[in-house]
Structures are given as structure tokens and as C-alpha cells.
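Coordinate inspection notes
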Amino acid sequence: LCDLFDELGPSAPTLCGEWTTADLAAHLVVRERDPRSAPGILIGGRFEAFTEKLMARQLDRHGYRGVVDKVRTGPPKGPLAIPVIRHAMNIVEFFVHHEDVRRANGATIRTDRPDLDAELWTMTKRLLPLMVRKSKVADVRLEIVNLAGERAAAGKGATVTMTGATQDLLLKLYGRDAVVDVTYDGPADAIARVKAGSFGI
């Protein structure tokens, strides 16, 4: 991701709304280094403006290259510096944001990392119950099926089966609908709720 930040520069688009690569890099820095950013990231709403000020402050102080270097070197001493905790907290975060940059700038699904696909499937299965529970998609049992035929499901109600590559299933759950290739099977009204739903955590 940092290599891509360096290659594209600070003004390239991402899939994170109006954020540029500079904004996304600053987000990753404050997420790992400034606990005051947590309400804006986790809750949003009226807290977002303060988190954005923290992001802007990082860019003002360190410049784009300095902020990218902070992302590259990882968090300072603390819980996120412990490898097992950092892995659990960051693998999905950094995969999604890497794709936010890659796919917004013309890249397609990765085929070079089957080991990454396996790890992402494990994490997606683990997160799916929480994602469905926190979503606003009621009375739906969401089943996901990857291209290897592996399945996971969560929720209660009419079953919607979503099939696709592991990477695309995860990106759909995080709302990156425009760049994924997934198919749906189930009752039309339930499919419509899943398509419109927000599952990210």
C-alpha cells in the first residue's frame, strides 16, 4: 500500500468517497497513533470533523511523504505494536484500503496471493456474524460462498446467497459495491435489502 501511495502521489482518487490518497494515508496514521481519532472512525457523525482535523494536522506537520513513512513503519509502542494484535486488527483494514487505492486507479482483483485469500476468508467468516448483526438488514440470513465453494452464514430469516471471489465478497460487505463481481440468489426483496445494506465494522 505504501509503495502504491508513493507511486500515485497525494492527489490520486480512492474508493473512500472524496478522500484522496493523502487523506487515506492520514486516516491510517491517526487510527494507529492517536486514540482521539477513535470516535470519529468508529461512531462517525459529529465526531468525524475532529478526526478529520487530526488527519489534516498530520499532513500539515509531516507532509504526504512523512505520513506515508509513518504508515510504512507501523504503530508506536502499544497494543497495536504486538504482532498478533496488529495482525487481527489490521489485515482486513489494510486489505480494504489497499483495494480502495488499487481499484480506484484502474487495477483489478489480485491473483498473486492465494495465501492472502485464505487468510481473508478466515477473517471474513469470523467477522460475518458481527457484521450482519450490526447491519440494518433485518430478517435476512446472509450466506456467502467463495469460488472454492466454501460457505459461511449469519443472521436469521430469508436466505440470500452471495457468491464471488473472497476478495470481492469482503469488499461488498464493506460497501465497495461498484468494483465487485458478486451474484445473488434468494427472494427479490431480501436481495434488494442486502444490496442496499451496510455491513462494515
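Let me sum up the structure you'll find in this document. As the structure is a prediction and not an experimental result, all values here were calculated from the model.

1. Describing the overall build of the protein chain
The number of helices and strands found in the protein chain is eight helices and four strands. Helices (α) and strands (β) of the protein chain occur, in sequence order from the N terminus, as α-α-α-α-α-α-β-β-β-α-β-α. Here the protein chain has a C-alpha radius of gyration of 17 Å; the compact-globule value for 201 residues is 17 Å, and the two agree. Taken along its principal axes, the extent of the C-alpha atoms in the protein chain is 50 × 40 × 30 Å. Of all 201 residues assigned to the protein chain, the portion counted as buried reaches 44%. In the protein chain, of all internal contacts separated by at least 6 residues, the share reaching a separation of at least 24 is 56%. When the accessible area of the protein chain is evaluated, it comes to approximately 10,600 Å², of which 54% is carbon and sulfur surface.

2. Brief notes about the packing of aromatic side chains
Applying the stated rule across the entire model yields one aromatic pair. Between Phe-5 and Tyr-64 the ring centres are 6.5 Å apart and the planes differ by 75°, which places this aromatic pair in the edge-to-face class. On the criterion of sequence distance, the pair formed by Phe-5 in helix α1 (residues 2-8) and Tyr-64 in helix α4 (residues 48-73) is long-range, its members being 59 residues apart. We note that Phe-5, like Tyr-64, is buried.

Cut-offs and rules
- Residues numbered from 1 in each chain as written.
- Predicted model: local features only at pLDDT ≥ 70, side-chain atom pairs only at ≥ 80, totals over all residues.
- Heavy atoms only, no water.
- Helix = DSSP H or I, 4+ residues; strand = E, 2+ residues; numbered from the N terminus.
- Rg over C-alpha atoms; globule rule 2.2 N^0.38 Å.
- Buried < 20%, exposed > 50% of the residue type's maximum accessible area, 1.4 Å probe, protein only.
- Contact = heavy atoms within 4.5 Å.
- Areas by Shrake-Rupley, 256 points an atom, 1.4 Å probe, with all protein chains shown as cover.
- Phe/Tyr/Trp six-rings, centres within 6.5 Å; stacked < 30°, edge-to-face > 60°.

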